[in-house]
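For reference, the chains in residue letters:
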Amino acid sequence: DKPVIIIGSGHAGVQAAARLAELRWDGGIVLVDQEETAPYERPPLSKEMLKSADPTALSLLRKDTFYRDNNIERISGRPVRTIDRAARQIELAGGVRHSYHRLIIATGSTPRRLDVPGADLPGVHTLSSHADALALQKALTAGSRVTIVGAGYIGLEVAAAAAARGCDVTIVEFRDRVLSRVTSEIVSRHFESLHRSNGARFVFGAGVRAFEGDGRVQRVVTSDGTSLDTDIVVVGVGVVPNQQLAADAGIACDDGILVNPHCQTSDPEVYAIGDVARCLRDGEPRGQRLESVQNAVAQAITATNHVVSQSCEVKTEVPWFWTVQHGTRLQTAGLRHESDDIVVRGSALAGKFSVLYLREGRLAAIDTVDALKDFVPAKKLIAAGAALDPARAADPSIKLAQSQT
Ligand code: FAD
C-alpha cells in the first residue's frame, strides 16, 4: 500500500481525493478533517445560507456515496496534531497514527482575530465554518443591530444577508472604501451605493478600539472613540493560513506553506494546496497565496497529477473569484495589482459594466459587474496576454475579443 493522506476536506482536499480516484490511485486515499460535518461548500455560507432561516441549507461538495464508491476513507471529527516526517506518519488527536506515502496539507485558513478588549464577548462572530454560519443564521433576527467590521467580500456578503433578514446594518471599515484590497475605486463605489440603498450605514477610516458589553457585546468603540450600540458583531478582516502543523514539522512557511509550482513543500513528499499554500514561481519573490475555490481546485489537480506521475507539466490558470451582494454579481479574473491602466466598459450608472485592468497595454485582469458576457472572453485574453485597443475595449457594442490590437 502507498496511502496518500490528505489533511483537510474542504474544497482543495476533496478535489485532491476525487482526482486521485479519477487517476486510479490504488495505494489508498485517506481524507482527514477536524470537522464532523460531511465536506461542504463554503461560498454559500455567507450567501444563500445566511439569507434563509433554514438551518439545514448546507451544500455538500460530494454526495456521501461518492467517498465509498471511490474507496476514499474519511476520518472526520479528528484534528491532525502532528506530522512526523522521519517516520512518514501523522498523529491524530487521541494519539492514533497513520502512515503515508505522500501527504497533502489542505488545512485552509482561519478568520483573523482582532486583538482588542472584548473580542471574545458572546455576540462577536466570525464566519468560516458551517457551525459559524449556523450561529450567525440564528442571531440575525429582524430588527437586530448588526455591526460588520471589515468591508471585504465576507463582511459585505454578511451585510447583504443581514439587511435581507431585516437587520439594521452598520459597516466599519479601516480604509476609505469597500473591497479596497480586491478592486478599483469605481467598483468599490458601486457596491457602497448598493449597500447604502439597501439601508446600510458606513463608518470609513476607523478601526475598532474595543467591544464592550455586560455578558455579551453591546457596543463597538471605534478608533476615534465613537461608540456604536449593537446586538451582533461580525468581524471579517481577512484570514490567516492554517500552517502551524507544517511549521511544527519543520516545513518552510512564510504567510502560508511555501510550495513550488507542483505544490511540493520544502519536503518533496509533502504537498500543500488551497488557502494554506503560498506558491513560489520564478520572478515572484514573495510568491502568491490565493483564497478562492478556483485556486483550491486547480492546486488540488496540480498536486495530485504530480503525486501520480512525477514529471508532469504545470498548467497555470487565470485566477478568478466571485461575490454576490444584494443580487449583484461581481466576478473577477486575473490580478488587478499587476496593472497600470484602467478602462471602464459600459455604464456603472446602468448597473452593468466591466473594468479592464491593463499592463503595458495587455489585459491583466477584469472585474465584471452583472456583465458576465465579458467574463469568459476576458479570461482567454488574459491567458493569452492579449494587447487591447483601449477605445474599442471601452465600447460595449464591440465584442471584447475584437478590441485586440
Ligand atoms: P477550506 O475549504 O477552508 O478547508 C480546510 C479544511 O481543513 C477545513 O474543513 C478545516 O476544518 C480542516 N482542517 C484545518 N486544520 C486541520 C487539522 N489540523 N486537522 C484536520 N483538519 C483540519 N471563494 C470564492 O472563490 N468565491 C466565493 O464566493 C467565496 N465565498 C466564501 C465565503 C465564505 C463564508 C468563506 C469562509 C470562504 C469563501 N471563499 C470563496 C473562499 C473559499 O471558500 C476558500 O478559498 C476555499 O474554501 C479554500 O479551500 P481549502 O480546501 O484550501 O480550505
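Being a predicted model, the structure only gives us computed values, none of them experimental.

Caption draft 1: Broad picture of the overall build of the chain. Within the chain, the secondary structure is distributed over 10 helices and 25 strands. Against the 2.2 N^0.38 benchmark of 22 Å for 405 residues, the chain shows a C-alpha radius of gyration of 22 Å, consistent with a compact globule. Here the C-alpha coordinates of the chain stretch approximately 65 × 60 × 40 Å along the principal axes. Each of the 405 residues in the chain was classed as buried or not, and the buried ones make up 41%. Counted over contacts in the chain with a minimum sequence separation of 6, partners at least 24 positions apart contribute 59%.

Caption draft 2: The domain arrangement of the chain, seen in detail. Annotation of the chain at the domain level lists domain 1 (4-110 + 240-308), domain 2 (113-235) and domain 3 (327-403). Between domain 2 and domain 3, the C-alpha centre-to-centre distance is 30 Å. The partner domain 3 presents 10 residues to the seven residues of domain 2 that form the contact. Among the residues making up the side of domain 2 that touches domain 3, the classes are represented as four nonpolar, three polar and no charged.

Caption draft 3: Molecular detail of the packing of helix α1 (residues 11-22) against helix α8 (residues 293-308). Where α1 meets α8, the closest approach of the two axes is 8 Å, and the angle between their N-to-C directions is 35 degrees. In this structure, α1 meets α8 at a crossing whose hand is right-handed. When α1 is examined against α8, the residues His11, Ala12, Gln15, Ala16, Arg19 and Leu20 are found in contact with a partner set consisting of Val293, Ala296, Val297, Gln299, Ala300, Ile301, Ala303 and Thr304. Residues of the contact of α1 with α8, tallied by class, amount to nine nonpolar, four polar and one charged.

Caption draft 4: Main features of the pairing of strand β23 (residues 341-347). Here seven bridges tie β23 to strand β24 (residues 352-359), and the two strands are oriented antiparallel to one another. Each bridged residue has a counterpart across the sheet, and for Asp341 the counterpart in β24 is Leu358. Hairpin remark: β23 followed by β24, antiparallel, with four residues in the connecting loop; positive phi at Gly351, about 85 degrees.

Caption draft 5: How the structure looks around the sheet that holds strand β16 (residues 232-235). In space, the five strands of this open sheet follow the order β9-β16-β10-β11-β12, with parallel pairing throughout. At either margin of the open sheet sits one strand with a lone partner, and together these are β9 (124-125) and β12 (201-204). Summarising the sheet, strand β11 (residues 168-173) and β12 pair through four bridges and their orientation is parallel. Opposite Ile171, over in β12, you have Phe202 as the bridge partner. The strands touched by helix α5 (residues 153-164) are β10 (145-149), β11 and β16; relative to β11, the strand with the most contacts, the crossing angle is about 165 degrees.

Caption draft 6: Structural context of the UniProt feature "domain: Reductase C-terminal" (unreviewed entry) in the chain. Under the UniProt annotation, the feature "domain: Reductase C-terminal" (unreviewed entry) is placed at residues 320-401. Annotated as residues 320-401, this span is 17% helix and 44% strand, and its ends, taken at the C-alpha atoms, are 19 Å apart.

Caption draft 7: Examining the site of the ligand more closely. Around the ligand, the surrounding shell holds 36 residues, and the nearest of these are Gly8, Gly10, Ala12, Gly108 and Gly274. Residue classes in the shell around the ligand are distributed as 16 nonpolar, 15 polar and five charged. Viewed by domain, the shell around the ligand spans two of them, domain 1 (4-110 + 240-308) and domain 2 (113-235), each represented by three or more residues.

Caption draft 8: Here's a closer look at the environment of Asn305. Within the secondary structure, Asn305 is located in helix α8. Residues Asn305 and Gly118, 187 residues apart in the sequence, show an inter-C-alpha distance of 47 Å.

Caption draft 9: Quick peek at the nonpolar core. Ranked by size, the top nonpolar core spans 61 residues in total, and within it Val158, Ala159, Ala162, Val169, Val233 and Val234 carry the most contacts. Among the elements that line this core, the one with the most residues is α5, at nine residues. Excluding anything up to four places from it in sequence, Val234 contacts His125, Leu127, Leu136, Val146, Ile148, Gly155 and Val158. Counting residues in each nonpolar core, the second largest holds 46 residues, with Ala17, Ile83, Ile257 and Tyr271 among its members.

Calculation rules
- Residues numbered from 1 in each chain as written.
- Predicted model: local features only at pLDDT ≥ 70, side-chain atom pairs only at ≥ 80, totals over all residues.
- Helix = DSSP H or I, 4+ residues; strand = E, 2+ residues; numbered from the N terminus.
- Rg over C-alpha atoms; globule rule 2.2 N^0.38 Å.
- Buried ≥ 20, exposed ≤ 12 C-beta atoms within 10 Å, placed from the backbone.
- Contact = placed C-beta atoms within 7 Å.
- Domains from an automatic or database assignment.
- Nonpolar A, V, L, I, M, F, W, Y, C, P; charged D, E, K, R; others polar.
- Axes fitted to C-alpha atoms, helices over the stretch in contact; angles between N-to-C directions.
- Left-handed = near helix turned anticlockwise from the far one by under 90°.
- Pairing = 2+ DSSP bridges.
- UniProt positions renumbered as here; feature names shortened; annotations may be inferred.
- Near = placed C-beta within 6 Å.
- Core = buried A, V, L, I, M, F, W, Y, C linked by C-beta atoms within 7 Å.

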